[in-house]
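Coordinate inspection notes
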Amino acid sequence: MAKIIVVTSGKGGVGKTTSSAAIGTGLALAGKKTVIVDFDIGLRNLDLIMGCERRVVYDFVNVINGEANLKQTLIKDKRVDNLFILPASQTRDKDALTKEGVERVLNELSAEFDFIICDSPAGIESGAMMALYFADEAVVVTNPEVSSVRDSDRILGMLSSKSRRAEQGLEGIKEHLLLTRYNPERVIKGEMLSVEDVKEILAIELVGVIPESQAVLNASNSGQPVILDEESDAGQAYLDTVKRLLGEAVPFRFLTVEKKGFIKRLFGG
């Protein structure tokens, strides 16, 4: 039986799909059979970030409507074993996702996979609510700025009241905080909230801090999850995040300004 993890946020543009792609890839690298499901009906970005947009023939809505089966629709990643993508539809409305249809597809996936990563649209509209409804765990993605953190707080309220677990009176969704685009230099200047500030406001377990990095944009543009760029700070931070999701105790990195050594200072590096 698969563990269903929703990657969600209140605000758009915080790095949700980048994080879904990185976390799903990291779990597959760890030997877990993983599928990433794109719930962003009408927009569809996951396939671009995963570099498989030209291989999309059928989509999530086709499966729900019985127009295709999962074997026809799932796209196997060419770089990482155990990794599959279920793309969203670009031509349908978000109302095409029905609770019964989504449940049927997730149940079918659960029989085959260890992890199902649900890449949620931003906000609290129907697609986002559908993505979080069936979740066992949630990764709440936020940037270290007041508006992003405030909107994440709203999502936490939805997770605790609008999920299937809440409706059935079961143990709540396990919530994890993923802080993206973190820049300790800007924190010192007072231009950005600190990790401690965000933790204090949201009061949920911190699972990862992803530094602001050009590598994220480069990876997105090349259709490759940034976690595969193990030379980059962002790639390493996502690898650490996946280890924590799997229960490992891993110290946090990239939280402080890197002190330049004598050679770097001498040559302006």
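Residues numbered from 1 in each chain as written. Predicted model: local features only at pLDDT ≥ 70, side-chain atom pairs only at ≥ 80, totals over all residues. Heavy atoms only, no water.

The name given to the protein in an unreviewed UniProt entry is Septum site-determining protein MinD, with the source organism recorded as Alishewanella aestuarii B11. According to its UniProt record, the protein has this under Subunit (unreviewed entry): "Interacts with MinC and FtsZ." (UniProt positions renumbered as here; feature names shortened; annotations may be inferred.)

1. Focus: the packing of helix α7 (residues 146-161) against helix α10 (residues 195-202)
Where α7 contacts α10, the two axes come as close as 10 Å, and the packing angle between them is 35°. Viewed along their axes, α7 and α10 form a crossing whose handedness is right-handed. Of α10, the residues touching α7 (which contributes Val149, Ser152, Asp153 and Leu156) are Val198, Ile201 and Leu202. Here the contact of α7 with α10 is built from residues that sort into five nonpolar, one polar and one charged. (Axes fitted to C-alpha atoms, helices over the stretch in contact; angles between N-to-C directions. Helix = DSSP H or I, 4+ residues; strand = E, 2+ residues; numbered from the N terminus. Left-handed = near helix turned anticlockwise from the far one by under 90°. Contact = heavy atoms within 4.5 Å. Nonpolar A, V, L, I, M, F, W, Y, C, P; charged D, E, K, R; others polar.)

2. Section: the UniProt feature "binding site: ATP" (unreviewed entry) in the protein
Under the present numbering, the feature "binding site: ATP" (unreviewed entry) in UniProt falls on Lys11, Gly12, Gly13, Val14, Gly15, Lys16, Thr17 and Thr18. Summarising the element assignment, Lys11 is placed in the loop between β1 (3-8) and α1 (16-29). The class of Lys11 is partly exposed, set by a relative accessible area of 26%. The residue Val14 is located in the loop between β1 and α1 in this model. Since its relative accessible area comes to 1%, Val14 is described here as buried. (Buried < 20%, exposed > 50% of the residue type's maximum accessible area, 1.4 Å probe, protein only.)

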